[in-house]
Every structure is written in structure tokens, then in C-alpha cells.
Amino acid sequence: MTGPCVLIVDDHALVAQTLALALRTRAMQATVATDLRSKAVLDLAVATRPQLVLLDLDLGGGADGTELVPGLRATGSRVLVVTGTTDRFRLAATVAAGAVGWVDKSLGFDELVDAVERVARGGELIGFRERSELLAEFRAGRAERSELRVRMGTLAPREHLVLRRLAAGLQAEAIALELHVSVHTVRAQIRSIHRKLDVTSQLAAVAVARSASQLGVHPSLDDLTDLCRRPPEPTPRRGGDAAGASRQGTRGG
């Protein structure tokens with residue numbers, strides 16, 4: 001009797017091939033996707049009609065496997081995520097998209113194969129209660145990200161620049177010097193940032209920005225943080241260079 005068909009979608013070729021060999025020793029048919037572009041993966045799923053797709057979340061080049069889950073489910077396949085991520089929101093998002101669950105890549109190899117075989121043969125990895133909790137986490141996380149996106153979206157481009165420099169530890173005077181504006185202007189922008197983010201301190205404003213960055217709903221603060229941490233250029237004393245040149249000229253004579 002022919003065993004279940006499994007499609008493996010993973011950007012680590014060695015891992016995928018090793019897993020395929022192990023599944024074949026357990027009387028399962030295993031196919032490894034070599035072209036990980038979304039359309040190619042979906043076309044392969046349509047052509048092979050696997051009972052189960054093993055899907056990595058990080059497919060290289062910034063591709064997120066979560067986006068493939070609905071399309072794979074539409075082909076009639078179950079989807080089991082095999083990943084090294086510990087990000088609960090990402091894992092919950094895969095379940096919300098239709099995955100039957102996930103397996104941690106840090107499991108021992110035999111345990112990993114056992115879990116895959118169980119799901120391939122119709123078993124479950126997570127129960128109704130855990131699935132409900134995950135879906136609730138996903139909804140809460142999505143709402144938090146949406147709210148942060150709206151708050152950060154109220155800031156003007158110049159206010160984003162000021163906020164990033166505050167995150168880098170600069171004071172209003174240093175920001176004004178770098179942006180070639182008055183300290184009064186910078187302080188007005190900081191007050192505007194507080195009002196728009198609904199906070200009462202610079203620390204709280206920076207905390208909101210960092211949360212938005214960490215949750216992936218706003219560009220990272222790191223790009224400008226390094227720039228802002230550069231030591232300021234020394235300011236020459238007035239007349240210093242001319243006096244020095246005069247002294248050097250006297251010695252030369």
C-alpha cells in the first residue's frame with residue numbers, strides 16, 4: 001500500500017534531503033521543492049497533490065513561508081510548519097492561516113520525523129484548546145500591531161527623524177545642531193511627538209518606537225542610531241588656526 005505523499009519546502013537543501021530520506025524509510029513518498037518562489041511551490045503542490053506540506057517559515061531572501069499557507073491549503077494539502085523560530089505571533093499567524101501546527105527544528109531528528117509521520121497519517125499535534133489560545137494570541141497581536149502602525153503613521157517625516165535621534169540618546173541641543181534648526185523647533189517637534197503618540201515623556205516615546213520596530217510594523221531604528229552615535233566634529237576655536245600659522249611662520253623665518 002502506498003504511504004502518504006509529503007512535500008518539503010525548506011531553503012536548507014541538506015535538511016530537506018535528509019528529512020526526505022528518513023520519511024521514505026517509513027513508507028512515505030517525499031518530494032523536495034528546489035524552486036522556492038511562491039508560484040513554483042504552489043504549482044508543485046498542485047502537480048504532486050501531497051497529503052502534507054512541511055513548510056519552513058524563513059525561505060531566504062526575506063520570503064515568509066506564512067504567506068504560502070492559504071494557497072497550499074487551497075490545493076487540499078495539510079500544512080505543518082517546521083521552523084526554528086520561537087516568535088509566538090509568527091507561529092500563531094501560521095495556525096490562523098490554516099496550518100495544522102508546527103514542529104521545532106531543535107527537536108531530536110527522530111522526534112521530528114515521528115511528529116511529521118503522525119500528521120502525515122492524519123494525526124494532530126495541537127488540540128482544540130491550544131488552537132483557540134493561539135488564535136486569540138494572533139488576534140491580540142494583530143490588534144497591537146495595527147494600533148502601533150496607526151500611532152507611528154501620525155508622525156511627520158521630520159518628527160520621525162527627531163524620534164530616531166532621541167532613541168540614539170541625543171538631546172534636543174545636539175539634534176538641533178545636526179538637523180540645522182533651532183532648539184526651539186526641535187522642542188516643539190518633541191512636544192508634537194508626545195501628543196501624537198499619546199505619551200508624556202521622551203522615554204515613553206522611544207519605547208513606543210522601539211516596540212513598533214521590534215514588532216515589524218515600522219522601520220528599524222538601527223539605521224540612524226549608528227549615524228547619530230558618531231562623535232561630533234570638533235569645532236575649531238576662532239582665530240586658532242591663523243595664530244598657529246603665524247607662529248609656525250615666525251619659527252620658519
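Residues numbered from 1 in each chain as written. Predicted model: local features only at pLDDT ≥ 70, side-chain atom pairs only at ≥ 80, totals over all residues. Heavy atoms only, no water.

1. With respect to the packing of helix α7 (residues 157–167) against helix α9 (residues 183–197)
If you want to describe how two helices pack, look at the angle between their axes and the distance between the axes.
Item 1. Running from amino to carboxyl end, α7 crosses α9 at an angle of 95°, the nearest separation of the two axes being 10 Å. As summarised for this structure, α7 and α9 are arranged roughly perpendicular, according to the angle between their axes. Every residue of α9 that contacts α7 at Arg158, Glu159, Val162, Leu163 and Leu166 is listed here: Val186, Gln189, Ile190, Ser192, Ile193, Lys196 and Leu197. (Axes fitted to C-alpha atoms, helices over the stretch in contact; angles between N-to-C directions. Helix = DSSP H or I, 4+ residues; strand = E, 2+ residues; numbered from the N terminus. Parallel < 35°, antiparallel > 145°, perpendicular 65-115°, else oblique. Contact = heavy atoms within 4.5 Å.)

2. Focus: the environment of Leu57
Item 1. By the element assignment, Leu57 lies in the loop between β3 (52–55) and α3 (69–74).
Item 2. Classification of Leu57 by relative accessible area gives buried; the value is 0%.
Item 3. The spatial distance from the C-alpha of Leu57 to the C-alpha of Asp10 is 8.2 Å, given a sequence separation of 47 residues.
Item 4. What Leu57 contacts, discounting residues up to four positions off in sequence, is Ala63, Asp64, Gly65, Thr66, Val81, Val82, Thr83, Thr85, Arg90, Leu91 and Thr94. (Buried < 20%, exposed > 50% of the residue type's maximum accessible area, 1.4 Å probe, protein only.)

3. Points about the confidence of the model for the chain
Item 1. Mean pLDDT over the chain works out to 84, with 85% of the residues at or above the 70 mark.
Item 2. Under a pLDDT of 50 for its full length, residues 223–236 has, in the predicted model, eleven contacts with residues more than four places off or in other chains.
Item 3. Low confidence marks residues 238–253, where pLDDT is under 50. Its contacts with residues over four positions away, or in another chain, come to one contact. (pLDDT = per-residue confidence, 0-100.)

4. So, the environment of Ala205
Item 1. Considering the arrangement of structural elements, one finds Ala205 in helix α10 (residues 202–214).
Item 2. Exposure remark for Ala205: the relative accessible area of 0% places this residue in the buried category.
Item 3. For the pair Ala205 and Leu163, spaced 42 residues apart in the sequence, the C-alpha separation amounts to 7.6 Å.
Item 4. Excluding anything up to four places from it in sequence, Ala205 contacts Leu163, Ile193, His194, Leu197 and Val199.

5. Description of the environment of Ala27
Item 1. Summarising the element assignment, Ala27 is placed in the loop between α1 (13–24) and β2 (29–32).
Item 2. On a C-alpha basis, the gap between Ala27 and Gly3 in space is 5.4 Å, while along the polypeptide they are 24 residues apart.
Item 3. Those residues in contact with Ala27 that sit more than four places away from it in its chain are Gly3, Pro4 and Arg121.

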